[in-house]
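Fold and geometry: a report
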Amino acid sequence: MHEPLLERIRDLERSNRWWKSACAILAAALLAVLVSGVAWVGLYGYHALAANQEALAVERARAEEMRARAAADAARRQAIEAQRKAQKDAEAK
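Reference entry: report on the structure contained in this document. (Residues numbered from 1 in each chain as written. Predicted model: local features only at pLDDT ≥ 70, side-chain atom pairs only at ≥ 80, totals over all residues. Heavy atoms only, no water.)

As a further point, take the packing of aromatic side chains. In the structure shown here, the tally under the stated rule is two aromatic pairs. Between Trp-18 and Trp-19, the aromatic rings sit 4.8 Å apart at their centres with planes inclined by 85°, giving edge-to-face as the arrangement. In this structure, Trp-18 and Trp-19 share a single accessibility class: exposed. For the ring pair Trp-40 and Tyr-44, a centre distance of 5.6 Å and an interplane angle of 5° mean the geometry is stacked. One end of the pair, Trp-40, and the other, Tyr-44, are both in helix α1 (residues 3-92), four residues apart, so they sit about a helical turn from each other. With a relative accessible area of 53%, Tyr-44 lands in the exposed category. (Phe/Tyr/Trp six-rings, centres within 6.5 Å; stacked < 30°, edge-to-face > 60°. Buried < 20%, exposed > 50% of the residue type's maximum accessible area, 1.4 Å probe, protein only. Helix = DSSP H or I, 4+ residues; strand = E, 2+ residues; numbered from the N terminus.)

This is how it looks when you write it as structure tokens:
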């Protein structure tokens, strides 16, 4: 009389172990996907940040070069004006 019940309990325990194992395997797979995804995003973010900083450095260098050229051009114009003024003063004497 107890034999069918004991058999049913064994089947349920076996099924329970199978589901626990399946859940553990699926949890490990999900964890592996999440960890690799986070690592990839972190690596990509680091490379993007480095590229952005490099682009900013290049842009700063270009801006400095433009300022230096503008200052050199202004100094050249000022020198030409001073030379013209000196010539006018020399002609006036």
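On to the pattern of salt bridges. Enumeration according to the criterion identifies seven salt bridges in this entry. Here Arg-10 ties to Glu-7 by a salt bridge, and the two come within 3.1 Å at their closest N and O atoms. You can see Arg-10 and its partner Glu-7 sitting in helix α1, three residues apart, about one turn around the helix. By relative accessible area, Glu-7 is classed as partly exposed at 37%. Counted as one network, the salt bridges with shared partners bring together Asp-73, Arg-76 and Arg-77. (Salt bridge = Lys/Arg side-chain N within 4 Å of Asp/Glu carboxyl O.)

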